[in-house]
Every structure is written in C-alpha cells, then in structure tokens.
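Structure assessment
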Amino acid sequence: MTTNLTHNGSFNQEKSNYSLHHETIRFSPKLAQLCKQAKQRKPQQGDQVFWLEHDSQALGLLRLRPLDGPDQGWLLRGLWVHPAWREQGLGSYLVASAIKDIQNINPLPIYAMATNQLDGFYQRLGFERLMDHNSPTSLQIQSKWQIWIYPS
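Rules of the game
- Residues numbered from 1 in each chain as written.
- Predicted model: local features only at pLDDT ≥ 70, side-chain atom pairs only at ≥ 80, totals over all residues.
- Heavy atoms only, no water.
- Helix = DSSP H or I, 4+ residues; strand = E, 2+ residues; numbered from the N terminus.
- Buried < 20%, exposed > 50% of the residue type's maximum accessible area, 1.4 Å probe, protein only.
- Contact = heavy atoms within 4.5 Å.
- Areas by Shrake-Rupley, 256 points an atom, 1.4 Å probe, with all protein chains shown as cover.
- Salt bridge = Lys/Arg side-chain N within 4 Å of Asp/Glu carboxyl O.
- Core = buried A, V, L, I, M, F, W, Y, C linked by side-chain atoms within 4.5 Å.
- Pairing = 2+ DSSP bridges.
- Axes fitted to C-alpha atoms, helices over the stretch in contact; angles between N-to-C directions.
- Expected span 1.5 Å × (residues − 1).

Next up on the list: the overall build of the chain. Along the backbone of the chain there are four helices and nine strands. Each helix and strand of the chain, ordered N terminal to C terminal, gives the series β-β-β-α-β-β-β-α-β-α-β-α-β. A burial count over the chain gives 44% of its 152 residues as buried. Considering only residue pairs separated by 6 or more positions, the chain has 58% of its internal contacts joining residues 24 or more positions apart. Surface exposure of the chain reaches about 8600 Å², of which carbon and sulfur atoms provide 46%.

So, in structure tokens, the structure goes:
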C-alpha cells in the first residue's frame, strides 16, 4: 500500500514500514491489546475495526459499527492515535482509509459524533454537519456532541 498524506505534519507511508489492518468478526489478540492501551471498548459483532502499526508498534485505531440495524449506516467510534504520533495525519489517514474500504463493502452513510473542537477535522475529510432533527434517532439523544455525516 502506498499513501502520501499531509495534515499538520506529514505522514508518508511509502518511506516507512506502516501496516493498515482491517478486522471484522474474529478480532486478533493484538487488537484486543491495542483497545486496552487506547482505553477503547473491545469490538463487538458487526464492527469493522481499522488499526495502523509501524514496526510492530500500534499507532492508532478506529471502529465503525452498524447504526440502528441493517442498511441505516455506520457510526465512527473510538478514533484514537497514540499520543507520540499525533499531529502527523494518522487520524485523517485512518478515517479516509476506513471510508474507502467500508464504502466498497457496504456504501451507506457514515456518521460521527464529536465536540466542536473537531469541526475542522471532519470538514477536511468531507463530512457534513447535521442538524439534530436530520440525524438518526439513536444519535439525537447525544445532545452534547455535534453529528457529522459522510454521505454514501
């Protein structure tokens, strides 16, 4: 896989030994260890988990879970980047890679919930902010978060 991405620093995958993993159904022990390190919930059945490593060191992960049943979309959960590797574009790379892969598997809208401080991050990735009444019912009760959608 060859990727170049610049975002508040630079991430150039072709110059280093980076590996992007996509796990479903049977989650590896290494992923379970990463979830514990990142203080994230263990993946559940139906989740799509993407994680990135460099020279056997886990750098970041994100999880997509089905939203409100079949064919309603995906919810981006648990985006995490190791503190020593932040501000280098890894979070953007993980989200962009997950969007590309999941749209090839099941092209449904992808939703994200975030605080106002992440508005620019999601806008740069192509997400659009939703008004509460336009969001899926299960997300409307999360009033402290902004709801974003990446259209299918």
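Once the structure has been displayed, the description carries forward.
As a further point, take unusual backbone geometry. Here I25, not a glycine, exhibits a phi torsion of approximately 55 degrees, which is positive. Along the polypeptide, I25 turns up in the loop between β3 (18-24) and α1 (29-37). Judged by relative accessible area, which is 70%, I25 ranks as exposed. Unusually for a residue other than glycine, E87 sits at a positive phi of about 65 degrees. You can see E87 is positioned in the loop between β6 (74-81) and α2 (90-105). For E87, a relative accessible area of 56% translates into the label exposed.

With the rule as written, the count across this model stands at three salt bridges. The partner of D47 in a salt bridge is R63, and the shortest N-O contact between them spans 3.1 Å. Here D47, found in the loop between α1 and β4 (48-54), pairs with R63, found in strand β5 (residues 57-66); they are 16 residues apart in sequence, far enough to count as distant. Across the pair, exposure class does not vary: D47 and R63 are buried alike.

Quick look at the nonpolar core now. The biggest cluster of nonpolar side chains holds 27 residues, and the ones touching the most others in it are L52, L64, L76, V95, I110, Y122 and F127. Elements with a minimum of two residues in this core: β3, β4, β5, β6, α2, β7 (110-114) and α3 (119-124). For this core, the element with the highest residue contribution is α2, accounting for seven residues. Counting residues in hydrophobic clusters, the runner-up holds nine residues, among them L31, W51, A58 and L61.

Another aspect to go through is the sheet that holds strand β9 (residues 146-150). Judged by pairing direction, the sheet is mixed, and its seven strands sit side by side in the order β3-β4-β5-β6-β7-β9-β8 without closing on themselves. On the outer flanks of this sheet lie β3 and β8 (128-130), each paired with one strand and no other. With strand direction ignored, the average angle separating the axes of adjacent strands in the sheet is 30 degrees. Here α1 sits on the sheet in contact with β3, β4, β5 and β6, set at roughly 85 degrees to β4. Across the sheet, α2 lies against β3, β4, β5, β6, β7 and β9, angled at about 140 degrees from β4, the strand it touches most.

Its 16 residues place the ends of α2 22 Å apart at the C-alpha level, agreeing with the 22 Å of an ideal helix rising 1.5 Å per residue. Taken as a whole, α2 has its buried residues at L90, G91, S92, Y93, L94, V95, S97, A98, I99, I102 and Q103.

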